[in-house]
Amino acid sequence: MNLTEDAKQKLILGNERYLSGRLHAEGFGARMREELAEKGQKPGALIVCCSDSRVPPEIIFDQYPGDIFVVRTAGNVVDEIALGSIEYGVEHLSIPLVLVLGHENCGAVKATIEGEGGHGAVKAIIDKIKPSMEKHLGSADIYEDCTDENIRSTMEEIRKNAAVAALIREGRVEVAGAKYGIRSGKVCFF
Ligand SMILES: [Zn+2]
């Protein structure tokens, strides 16, 4: 199994543990902190997900501190600073998998569809999601279609980043997408 598949498999198994209610990561303690402090971090996956408090990536994937590198923004959109964090993760930490994780009932997607232009810096988030909504105007389930499109759009933006693109060409990084069911707790990979 290659590194990317291995990383994906770890997340899938972690989400299965979360669904079953038998979490492993609860056993994290002083000795493991000590080890992380000495050896540094070597996360297996980089997760770009929404800031929504119902979608905590460490918990829904049952991961320990040190396991996943996380970038969180409302609506799981990326800007220059988020891309900088991603570049750091794939280049310096050699993370083989970047997973864009959207979710059902996303407030940022809802605000975009309901035409709340957003004020202040929130407008920048709405403006990022808007093209995904416009692609699906008239759809029977615009919320779901816009959510999925927004995940794909963030994936594309990350893939276009020069550092990420170079690593993809070398077969060292993969950018994947998935969606979390707020009610079910299940993560469905695209
Ligand atoms: Zn959200």
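Right above here is the structure, for reference.
Residues numbered from 1 in each chain as written. Predicted model: local features only at pLDDT ≥ 70, side-chain atom pairs only at ≥ 80, totals over all residues. Heavy atoms only, no water.

1. Brief notes about the coordination of the zinc ion
Protein coordination at the zinc ion: the donors are Cys50 (SG), His103 (NE2) and Cys106 (SG), at 2.0 to 2.3 Å from the metal. Relative accessible area serves as the criterion here: at 7%, Cys106 is assigned to the buried category. (Donors = N, O, S within 2.8 Å, 3.2 Å for Na, K, Ca; no water. Buried < 20%, exposed > 50% of the residue type's maximum accessible area, 1.4 Å probe, protein only.)

2. Considerations on the packing of helix H6 (residues 122–134) against helix H7 (residues 142–160)
Viewed as axis vectors pointing N to C, H6 and H7 meet at an angle of 120 degrees, and their least axial separation amounts to 8 Å. Regarding the angle of H6 to H7, the classification is oblique. Remark: the crossing between H6 and H7 carries right-handed chirality. Counted together, Lys128, Ile129, Ser132 and Met133 of H6 and Ile142, Cys146, Glu149, Asn150, Ser153 and Glu157 of H7 form the full contact between these two elements. Grouping the amino acids of the contact of H6 with H7 by side-chain chemistry returns four nonpolar, three polar and three charged. (Axes fitted to C-alpha atoms, helices over the stretch in contact; angles between N-to-C directions. Helix = DSSP H or I, 4+ residues; strand = E, 2+ residues; numbered from the N terminus. Parallel < 35°, antiparallel > 145°, perpendicular 65-115°, else oblique. Left-handed = near helix turned anticlockwise from the far one by under 90°. Contact = heavy atoms within 4.5 Å. Nonpolar A, V, L, I, M, F, W, Y, C, P; charged D, E, K, R; others polar.)

3. Let's talk about the environment of His24
Within the fold, His24 resides in the loop between helix H1 (3–20) and helix H2 (30–39). Of the residues examined, His24 reaches a relative accessible area of 48% and is grouped as partly exposed. A C-alpha to C-alpha distance of 22 Å links His24 and Leu3, two positions 21 residues apart in sequence. With sequence-adjacent residues up to four places away left out, His24 is seen in contact with Arg17, Asp62 and Tyr64.

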